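Residue-level structural notes
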Amino acid sequence: MKARPAALILLNAVLRERQILGQVDLPAEGAEAARANRLALTVLRNLGAVDAVIKPYTTRKPQIGVHNLLRLGTVELLVNGQDAHGVVSDIVGIAKTQPHTRKASGMVNAILRKIAVEGAEAFAKAPPQRLPPWLDKALRKRIGAEGIKAIELAQSKAPPIDLTPRDADFTLEGADVLPTGSLRLRNHPQISALPGFAEGKFWVQDAAAALPVKLLGDVRGKRVLDLCAAPGGKTMQLAAAGADVTALDISGPRLRRVSENLARTGLTATLVTGDAFQHTGPEDVGPYDAILLDAPCSATGTIRRHPDLPFVKDGSEVEPLTKLQMQLIDHALTLLKPGGTLVYCTCSLLPVEGEFQVTAALKRHDGLSVIATDPTALGGDTDWASPEGGLRLWPSTWADVGGMDGFYMAALRRA
Ligand SMILES: C[S@@+](CC[C@H](N)C(=O)[O-])C[C@H]1O[C@@H](n2cnc3c(N)ncnc32)[C@H](O)[C@@H]1O
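Quantities reported herein were computed from a predicted structural model and do not represent experimental measurements.

Conventions used here
Residues numbered from 1 in each chain as written. Predicted model: local features only at pLDDT ≥ 70, side-chain atom pairs only at ≥ 80, totals over all residues. Heavy atoms only, no water. 1 Å grid on protein atoms, 1.4 Å probe; cavity = no way out; pocket = protein on both sides within 12 Å on 5 of 7 lines; lining within 4 Å. Points joined across faces, edges and corners; volume = space filled by probe spheres on them. Helix = DSSP H or I, 4+ residues; strand = E, 2+ residues; numbered from the N terminus. Core = buried A, V, L, I, M, F, W, Y, C linked by side-chain atoms within 4.5 Å. Buried < 20%, exposed > 50% of the residue type's maximum accessible area, 1.4 Å probe, protein only. Contact = heavy atoms within 4.5 Å. Salt bridge = Lys/Arg side-chain N within 4 Å of Asp/Glu carboxyl O. Pairing = 2+ DSSP bridges. Domains from an automatic or database assignment. Buried area = accessible area lost by both parts, 1.4 Å probe. Polar contact = N/O pair within 3.5 Å; in protein donor to acceptor, adjacent residues only side chain to side chain. Near = heavy atom within 4 Å. Areas by Shrake-Rupley, 256 points an atom, 1.4 Å probe, with all protein chains shown as cover. Nonpolar A, V, L, I, M, F, W, Y, C, P; charged D, E, K, R; others polar. Expected span 1.5 Å × (residues − 1). Phe/Tyr/Trp six-rings, centres within 6.5 Å; stacked < 30°, edge-to-face > 60°. Lys NZ or Arg CZ within 6 Å of the ring centre and 35° of its normal. UniProt positions renumbered as here; feature names shortened; annotations may be inferred.

A full pass over the atoms with the stated rule returns 1 cavity of 30 Å³ or more. Of the pockets and cavities examined, the largest cavity occupies roughly 40 Å³. Every residue lining the largest cavity is listed: Pro132, Trp134, Leu135, Ser298, Ala299, Thr300, Ile303, Leu309, Pro310 and Lys313. Counting only elements with at least two residues in the lining of the largest cavity, the list comes to α8 (133-155) and α11 (309-312).

Structure representation (structure tokens):
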């Protein structure tokens, strides 16, 4: 299947069935599937502006299948700058093949022709894609209208691809080296075709996601538990830094990805499939020197990479997730040596999944303390430091060089 009809399947799955993009079975492969995915992501990242362009041409909201065709056509015309004649005839052709859009093909034709000629101005004037109301409400008090706007602007742009090098001296032509050590690609090449990929010299990992492991300091020779490990970006960092790593995850299929990643990079870790709460550690060697807890979370920090999330999630999972995070912190502390370090992190924008978890853990555990992180020691900026001693990153952090995923991280010392 070609990219455009495949992109339509993706858009219908997200916007009609409320399905996560990554879970949609796509009848396309290779380059066409990759292009379909990029098209769907671009539509979702710009949905508000695209709908604002379409609205004046419709008397009432079109049926969703028709609306998605118009959205796809509008993005091809106004964002991707594709040839108007080709786009309109292709989208109309797709409309004609579907029973639920066939009747509207004449209307689709007329609207897209008009948008091709006059739509650019309305698109340029439209504000960036809004945060979903539940997320806006949760953040507004903390970061204000300006902070929200900065996040929305950052999320409306396609993010760069960041790589973590296995060895610090690895460089890649065309990649920028960020002060934190990540390599950043502004174009979107086929990763598996890049020099060094097959030899496992790097892996894809957002610059923000590469920081939590650094909060553990020098892990060479230490026994480190990666408690929620899959797909394994942080496991590989730990192994590359010389730690004796145990990587645990509840999901067998996801842990297989850790295994594949380790095989490609030539790194080693002990893999354990299972529930973190059942893990008591190997009895013969006792508690771990350090633990990384990259807890399951709302993933609201990754919306720029996964713009489907706001259309699929409604915030109702946040409360159960915060309970799980709290229990995981408590359990992790039982597996840690006295004096050992626990790094807690989430790719969430929400303080309840970050800062609040740390301050609440300090109240629950006598003698537990935060090892205050100096962001400048990691190549970051002073304003990354949050009052309780952790680091807070937003999608708008370093926006001028492409931003980074929203993340929270803090290092805790057990008494
Ligand atoms: C944020 S992801 C971890 C990402 C990973 N650390 C990385 O850098 O690639 C959270 C992981 O927690 C796992 N998980 C969720 N509940 C768990 C539990 N009770 N025990 C162990 N793993 C769990 C999920 O399967 C998921 O892979």
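On we go from here.
Further remarks concern the nonpolar core. One finds Leu139, Leu216, Leu238, Leu393, Phe407 and Met409 to be the most contacted residues of the largest nonpolar core, which totals 48 residues. Mapped onto this core, the elements with two or more residues apiece are α8, α9 (233-240), α10 (252-265), β8 (288-294), β9 (336-346), β11 (391-393) and β12 (407-413). Examining the composition of this core, we find that 4 residues originate from one element, α8, more than from any other. Those residues in contact with Leu139 that sit more than four places away from it in its chain are Leu131, Gly144, Ile148, Ile151, Leu349, Leu350, Pro351 and Trp394. Ala36, Leu41, Val87 and Ala126 belong to the second largest nonpolar core, which has 45 residues in total.

What follows deals with the pattern of salt bridges. According to the stated counting rule, one finds 23 salt bridges in the structure shown. Salt-bridge contacts for Arg16 lead to Glu17; the nearest nitrogen and oxygen are separated by 3.2 Å. Residue classification places Arg16 among the partly exposed positions, given a relative accessible area of 36%. With a relative accessible area of 47%, Glu17 lands in the partly exposed category.

On to the sheet that holds strand β2 (residues 176-177), then. By way of backbone hydrogen bonds, the strands of a sheet pair with one another, either parallel or antiparallel. In spatial order, the strands read β2-β3-β1-β4; together these 4 strands make up an open sheet with antiparallel pairing. Looking at the sheet topology across the chains shown, the edges are occupied by β2 and β4 (202-204).

Moving on, we get to the domain arrangement of the protein. Interface extent is often summarised as the accessible area lost during association of the parts. Taken domain by domain, the protein consists of domain 1 (3-125) and domain 2 (162-413). Taken together, the contact pairs 10 residues of domain 1 with 7 residues of domain 2. For the pair domain 1 and domain 2, the summed buried surface comes to about 790 Å²; carbon and sulfur atoms form 71% of the total. At the boundary of domain 1 and domain 2, one finds 0 salt bridges. If you look at where domain 1 meets domain 2, you find 3 residue pairs in polar contact (both at pLDDT 80 or more). Contributing elements (two or more residues each) for the side of domain 1 that touches domain 2: α1 (3-15) and α2 (30-45).

Right, let's get into the pairing of β12. In regular strands, side chains alternate between the two faces of the sheet. Across the 7 residues that make up β12, a large majority, 6, are buried. Bridge analysis of β9 against β12 gives 6 bridges, and the strand direction is antiparallel. Residue pairing across strands places Thr341 opposite Arg413, the latter belonging to β12. The pairing of strand β10 (residues 369-371) with β12 spans 3 bridges and is antiparallel. The partner of Ser369 across the bridge, within β12, is Arg413.

What follows concerns the site of the ligand. Around the ligand, the surrounding shell holds 19 residues, and the nearest of these are Lys234, Asp249, Arg254, Ala276 and Asp294. Within the contact set of the ligand, an oxygen atom lies 3.3 Å away from a backbone nitrogen or oxygen of Pro231. Between the ligand and the protein, one listed contact pairs an oxygen atom with a backbone N or O atom of Gly232 at 2.9 Å. Within the complex, 85% of the 600 Å² of free accessible area of the ligand lies under protein. Mapped by element, the contributors of at least two residues to the shell around the ligand are α9 and β6 (244-249). Of the residues in the shell around the ligand, the class split is 10 nonpolar, 4 polar and 5 charged.

A few words now on helix α12 (residues 318-334). If you check α12, its first and last C-alpha atoms are 25 Å apart, about what 17 residues at 1.5 Å a residue would give, namely 24 Å. Its buried side turned inward, α12 meets α8, β8, β9 and α13 (355-364).

Here the structure, examined in full by the defined rule, presents 3 aromatic pairs. Members of the aromatic cluster, connected to one another through ring pairs, are Phe170, Phe197 and Phe202. The ring of Tyr288 carries Arg223 above its face, with NZ or CZ at 4.6 Å from the centroid. Directly above the aromatic system of Trp394 lies the positively charged group of Arg392, at a separation of 5.0 Å from the ring centroid.

With that settled, consider the UniProt feature "domain: SAM-dependent MTase RsmB/NOP-type" (unreviewed entry) in the protein. The UniProt feature table records "domain: SAM-dependent MTase RsmB/NOP-type" (unreviewed entry) at residues 123-415. With 27% helix and 20% strand, the stretch residues 123-415 has end C-alpha atoms that lie 56 Å from each other.

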